[in-house]
Amino acid sequence: MKKNIQKELIKLIDQGLVGLNADSNILDDLYLDLPTQERFGDLSTNIALRLSKTLKKSSRQIADLIIEKLKRDILRSSLKDYISEIKAEGAGFINFYFSERYFFEALKDIIDNQKEALKSNTGKSSSVLIEFVSANPTGSLSVAHARQAVVGDCLANILDFLGFKVSKEYYLNDEGNQINILGKSTQLRLMELKGDKVDFPQDYYQGDYIYDIAKEAEQRKIKDEELGDFAANYILSIIKKELDDFRVKFDCWYSQKELTKSGKIEKAFEFLKKKGFLYEQDGALWFKSTAFGDDKDRVVIKSDGTYTYLAPDIAYHDDKYKRGFKWLINLWGPDHHGYISRLKASVAALGRDPASLSVIIVQLATISRGGKPAQMSTRRGEYITLREVLDEVGCDAARFFFLMRRTSSHLDFDLDIAKKQTAENPVYYVQYAYARISSILRNSQVKLNKDVDLSLLKEKEELNLIRKLLQFTYIMNICLSTQDPYMLTVYLQELAESFHKFYDLHRVLSDNLALTQARLALIEGTRIVIATGLELAGVLLPEQM
RNA sequence: GCGCCUGUAGCGCAACGGAUAGCGCACUAGCCUCCGAAGCUAGUGGUGCAGGUUCAAUUCCUGCCAGGCGCACCA
């Protein structure tokens, strides 16, 4: 079984281009695409089109030249049984057609080795820290957090699948201004409950949940100065429950308070001071982020002696590297966009490669009811929460929905519509395919036989379905290179479509035993791929619906 | 004013710079004596505007128009 058919092909194409006197920049950027349509084969390269100008020949001529040599080389290589045809098509694309033998061996590989067969040998094994959500413990999680939670969780799953050592982390902002305000908010609500007349400031936390916390605090006789921490812990337990119900689990909850206590901030500052990246001005301490491309220098210690948000963050990211992580991924909301350059600057100042820090901006998820946008202010407590979305559309639909759009694009959904569309949500389309397969396997008198003759699968829909199965690994690598899991949901819908089309035209269980066995193998392979994909998305696999 | 994101069919969205721009909803016409009709088949209908780069632009660049979000010694 040839696992790296892509890599081997690229190697052969590369060798074939040696005599062509081509632009080395183009040759270095040799890659294979999935053709846009089934009739254009299984893999495709546009190299002839791109070489057309420098070689001063038509792309079709170049394609023919390349193909002629390639055909000879392939005949002499280990790929010879797996590539059945190479054709120049369209404007000059070179299209590769897999042989049926390749399809059948690959399908058998999936059935024999389950999801292991779907993993590609990327050679990637470095340790990655992916930090996401990290919402302040001052209220329930919003839909914006919900989107970040799913995108982060799914991306982590995919990286893990591809061989990375992944750790998921939630940075807990459990000290500072907002915790103080949270404490004061609780204190005021407590006085109110006791019958005092209070003037509740506008910038305090308005949500009704503060009353609940106040009642609880009174029962437990919490001292006033401890109200902030008490409230934060109370809310944190709510957040953890929300994430748990959303099937998002973190490996580490990293406390800012602990970070401050540890003295790591001072140590990082000492280092920066030695390097000359810190200076005093107007009574404040500034980080010279402009030395690393930031627009302006940033304050790290305010003139009142307290830290800005950046200070612990510098130490936090330094600590991430010191814990041995080679690649840091942060998922942030769009409001933090302007913050990227200063954090990258600090990473560079601490002697790390800023390219090893990937900041992914998860664009806003806004929610509306009946076309009217809902407000999203944590302090006012009027926003739509993750909990409400979970209650209304369910975990599977919510997770899939949040993954369905490119992470860098806005996501807007009307709760009324989302509820209405629940039965039509694409997640059901995919789950339905899984349930149908399960149902057939359950009802079948014939057992799955590993020595089945797969070459009986000759129908167009059967081969298309296998073809689709083989694209899974390719899709995983797209998710990696784009650092965005959304392509997985697109793929799963296409895979489900291929299955439904096959199912509709051809019976799996029939009087023909050999064919029944072959088709059972085909749907078992499909089941494995759908299961693998849905698991990565964190969506359940229903045997029945 | 500056920055980020987005303008694709009536609505919601796809298309890692490629081939005849796809899919769902809605609408129209079909398909269950047969493994699940939450499915399948066919039809209607579209790239905001103006330039540029490229062999090739929905995609990249510039300007304009429209919408969303953000621009602290807050976190």
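No experiment lies behind these values; they were computed from the predicted model shown. (Residues numbered from 1 in each chain as written. Chains lettered and ligands numbered in written order. Predicted model: local features only at pLDDT ≥ 70, side-chain atom pairs only at ≥ 80, totals over all residues.)

### Thoughts on the overall build of chain A
Part 1: Helix and strand counts for chain A stand at 21 helices and 14 strands.
Part 2: Along the first, second and third principal axes, the C-alpha set of chain A runs to 85 × 60 × 40 Å.
Part 3: A buried classification covers 39% of the 545 residues belonging to chain A.
Part 4: A separation threshold of at least 6 residues defines the contact pool for chain A, and within that pool the share at least 24 residues apart is 74%. (Helix = DSSP H or I, 4+ residues; strand = E, 2+ residues; numbered from the N terminus. Buried ≥ 20, exposed ≤ 12 C-beta atoms within 10 Å, placed from the backbone. Contact = placed C-beta atoms within 7 Å.)

### A word on the protein's contact with RNA strand B
Part 1: Contacts to RNA strand B come from 66 residues, most closely from D33, G90, D282, Y309 and S439.
Part 2: If you list the elements that add at least two residues to the surface near RNA strand B, you get α3 (47–55), β3 (93–98), α7 (177–193), α17 (426–443) and α20 (486–505).
Part 3: Counting residues per element, the surface near RNA strand B draws most heavily on α17, which supplies 8 residues.
Part 4: Class assignment for the residues of the surface near RNA strand B results in 23 nonpolar, 27 polar and 16 charged. (Near = placed C-beta within 6 Å. Nonpolar A, V, L, I, M, F, W, Y, C, P; charged D, E, K, R; others polar.)

### Some words on the domain arrangement of chain A
Part 1: What the domain assignment lists for chain A is domain 1 (5–98) and domain 2 (425–537).
Part 2: Spacing between the C-alpha centres of domain 1 and domain 2 amounts to 29 Å. (Domains from an automatic or database assignment.)

### A look at helix α19 (residues 472–482)
Part 1: Restricting attention to buried positions, one finds in α19 the residues F472, I475, M476 and C479. Seen end-on, α19 carries its buried residues on one side only, within an arc spanning 105°.
Part 2: Buried residues belonging to α19 abut α6 (143–161), α18 (460–470), α20 and α21 (513–537).
Part 3: Positive backbone phi, at 50°, marks Q483, one or two positions downstream of α19. (Arc of directions from axis to C-beta.)

### Quick word on the sheet that holds strand β8 (residues 284–287)
Part 1: Read across the sheet, 3 strands follow the order β7-β8-β9 without closing on themselves; strand pairing throughout is antiparallel. Taken across any chain shown, the strands that pair with only one partner, and hence form the sheet edges, are β7 (278–281) and β9 (298–301). Taken pair by pair, the neighbouring strands of this sheet meet at an average axis angle of 45°, ignoring direction. (Pairing = 2+ DSSP bridges. Axes fitted to C-alpha atoms, helices over the stretch in contact; angles between N-to-C directions.)

### Brief notes about unusual backbone geometry
Part 1: A positive phi angle is found at Q114, which is not glycine, with a value near 50°.
Part 2: In this structure, Q114 sits in the loop between α5 (100–113) and β4 (127–131).
Part 3: Even without being a glycine, S134 presents a positive backbone phi close to 45°.
Part 4: By the secondary structure assignment, S134 is in the loop between β4 and α6.

### Regarding the confidence of the model for chain A
Part 1: Per-residue pLDDT for chain A has a mean of 87; in total, 92% of the residues score no lower than 70.
Part 2: Looking across chain A, the model is least confident in strand β13 (residues 372–373), with a mean pLDDT of 59, and most confident in strand β6 (residues 252–255), with 96.
Part 3: A low-confidence stretch, residues 375–380 stays under pLDDT 50, and its non-local contacts, those more than four residues away or across chains, total 15 contacts.
Part 4: Both confidence scores are given for the complex: pTM 0.92, ipTM 0.90. (pLDDT = per-residue confidence, 0-100.)

### Topic: the pairing of strand β10 (residues 327–332)
Part 1: As paired elements, β4 and β10 share 4 bridges and run parallel to each other. Each residue of the ladder has a partner; that of V128, found in β10, is W327.
Part 2: In this sheet, strand β11 (residues 357–361) lies alongside β10 in parallel orientation, the contact comprising 5 bridges. Opposite L328, over in β11, you have L357 as the bridge partner.
Part 3: Assessed by its sense of winding, the connection that carries the chain from β10 through helix α13 (residues 340–349) to β11 is right-handed. (Right-handed = clockwise from strand over helix to strand, strands pointing away.)

### Notes on the environment of I437
Part 1: Looking at the element boundaries, I437 is found in helix α17.
Part 2: What makes I437 buried here is the crowd of 24 C-beta atoms within 10 Å.
Part 3: Sequence separation between I437 and W286 is 151 residues; the distance between their C-alpha atoms is 62 Å.
Part 4: Every residue in contact with I437, bar those within four places of it in the chain, is listed here: I523, T526 and R527.

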